[in-house]
Amino acid sequence: MTVKHHLTDDLLMAYSAGDLPEAVNLIVATHISLCDDCRAALGSYDVMGGAVLSTCESVEMSKNSLNSVLEMIRTQDNGVQERSAPIKLKDDVLPAPLVDYVGGGLENVRWRSAGMGVKQAVLPTTKDATARLLYIPAGTAIPDHGHNGMELTLVLKGAFQDESGYFSRGDIEVASEDLNHTPVADISEDCICLAVTDAPLKFKGLVPRIVQPFLGI
Amino acid sequence: MRDPSKGDVDGTESLTTGMTNDVVPWVDDLVAVRDTRDEAAFIRVFGHFGPRVKSFLMRTGMDAALAEECAQEVLVTVWNKAHLYDASRASPSTWIFTIARNKKIDVLRKQRRPEPEDLPWGPEAEPDQADVIGLQQESEQLGRALRDLPEKQRELIEKAYFGDLSHSEIADQTGLPLGTIKSRIRLALERLRHSMK
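Here is what the cut-offs are and how they apply
- Residues numbered from 1 in each chain as written.
- Chains lettered and ligands numbered in written order.
- Predicted model: local features only at pLDDT ≥ 70, side-chain atom pairs only at ≥ 80, totals over all residues.
- Heavy atoms only, no water.
- Contact = heavy atoms within 4.5 Å.
- Buried area = accessible area lost by both parts, 1.4 Å probe.
- Salt bridge = Lys/Arg side-chain N within 4 Å of Asp/Glu carboxyl O.
- Nonpolar A, V, L, I, M, F, W, Y, C, P; charged D, E, K, R; others polar.
- Buried < 20%, exposed > 50% of the residue type's maximum accessible area, 1.4 Å probe, protein only.
- Helix = DSSP H or I, 4+ residues; strand = E, 2+ residues; numbered from the N terminus.
- Pairing = 2+ DSSP bridges.
- Axes fitted to C-alpha atoms, helices over the stretch in contact; angles between N-to-C directions.
- Parallel < 35°, antiparallel > 145°, perpendicular 65-115°, else oblique.
- Left-handed = near helix turned anticlockwise from the far one by under 90°.
- Phe/Tyr/Trp six-rings, centres within 6.5 Å; stacked < 30°, edge-to-face > 60°.
- Lys NZ or Arg CZ within 6 Å of the ring centre and 35° of its normal.

Draft legend 1. Seen up close, the interface of chain B and chain A. Between chain B and chain A, the residue contacts involve 75 residues of the former and 69 residues of the latter. Contact between chain B and chain A buries roughly 6700 Å² in total, counting both sides, with carbon and sulfur atoms accounting for 61%. Together, P114, E117 and Y161 of chain B form the three largest contributors to the area buried by chain B at its contact with chain A, with a combined 11%. The interface formed by chain B and chain A includes six salt bridges. In the side of chain B that touches chain A, the residues fall into 35 nonpolar, 16 polar and 24 charged.

Spelled out as structure tokens, the structure:
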């Protein structure tokens, strides 16, 4: 699988630094699960974090620090452990981070209708940003909208097309405030996406603006 | 600011004077903790990284008491998770940074951190020594490049990791040699994927 649309450097760096809302972390982790390029780029930002840690001025630990730590490791020690692959549920559509948040595979997603055949499921994260799975029937358009903030859309199944390109499994669209777009699901199959927003969407047409509260998007 | 020509009192001489060993310091100690639960090696790791982790956590916004408590927990995690340490995938400072970073998210942001799907482990039990040395050396070089940056630019990068600055301002203008490390990790991933087939 070749991913063509990647995470931006600022998102990778902020994920490495641990500075993103949970919902954004979730979409970053999910994209990286599908994209070795971004996994490698993240690796390099983690190395940079290590370099920053190494250049920190030392701050003296308290007097009993070492003793308390030694006491903790002696009482908790579970000996030498073998590295082994964790046995986890595998899902063909949902990478591991999403399986965690859904609490299972695709069949466990609790979809709610959002009208026009579109379904959505909001995932449980902190409130500073929202992560939702979207199910868009083949050939269906999501109404033309802009954003008050950022919108990240990661394709998990099928594909969609909008003014900025063609996105298939693993591709992520990073849409800023100034992008107005009308994503249309590819006609060949239904499309499932993970979408993250840090502010409500702004729809351009009147009708979508009226239904927006019902869609919850 | 620190004089890079002098080592620290706690014995980081070789970290600042360049690559005198085949492998960066602390790798052997972490491996000893991992493979033989070597307490003396752990105490050395504690002596070097404890004060830096505490400092790092204070810079991210913790007061001294909380940073002390969290730094202790980070070092306990180093001991408990040593079996996950792989010297071909991370230098000790990189690995300990990720543990400290996760602690920060847990304590300051009070949220879970979704992690990417684990890669399947390759069939070879021991990583290629050349890969280990290559990655460790490049990580060291990056550290030196960071220390050699003009102060203002270095502070910018540090602030990004402490959470004081928007990342978009700096991500693509760090001027640091991230490309070599990215290529190395990318190659390692390709080999891993290949060996899985």
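Draft legend 2. Inspection of the pairing of strand β3 (residues 130-136) of chain A at higher detail. All names here are of chain A. Of all seven residues making up β3, six are buried, and the element is well covered by its neighbours. Note: strand β2 (residues 119-122) against β3, four bridges, orientation antiparallel. Looking at β3, one finds that K119 is bridged to Y135. The sheet contact formed by β3 and strand β10 (residues 191-197) spans seven bridges and is antiparallel. Residue pairing for β10: A131 is matched across the bridge by V196.

Draft legend 3. The arrangement of the packing of helix α4 (residues 65-76) of chain A against helix α3 (residues 39-59) of chain B in detail. With their axes 11 Å apart at the nearest point, α4 of chain A and α3 of chain B run at an angle of 135 degrees to one another. Comparing their axes, α3 of chain B and α4 of chain A come out oblique. Judged by the twist between their axes, the crossing of α4 of chain A over α3 of chain B is right-handed. Residue-level inspection shows S65, L66, V69, L70, I73 and R74 of chain A of α4 of chain A in contact with α3 of chain B, the latter providing E39, F42, I43 and F46 of chain B. In the contact of α4 of chain A with α3 of chain B, the residues fall into seven nonpolar, one polar and two charged.

Draft legend 4. Region of the structure containing the packing of aromatic side chains. Summed over the entire model, instances satisfying the criterion amount to eight aromatic pairs over all chains. Ring geometry for F97 of chain B versus Y161 of chain B: centroids 5.8 Å apart, planes at 70 degrees, classification edge-to-face. A residue pair is termed long-range when its members are at least 10 positions apart, and F97 of chain B in helix α5 (residues 92-109) and Y161 of chain B in helix α7 (residues 151-162) qualify at 64 residues. For the pair formed by F97 of chain B and Y161 of chain B, the shared burial category is buried. Aromatic rings pair up to connect F56, F97, Y161 and F162 of chain B into one cluster. Its end group placed over the ring of Y135 of chain A, K119 of chain A keeps NZ or CZ at 4.4 Å from the ring centre. Directly above the ring of Y101 of chain A sits R112 of chain B, whose terminal nitrogen or CZ lies 4.3 Å from the centroid.

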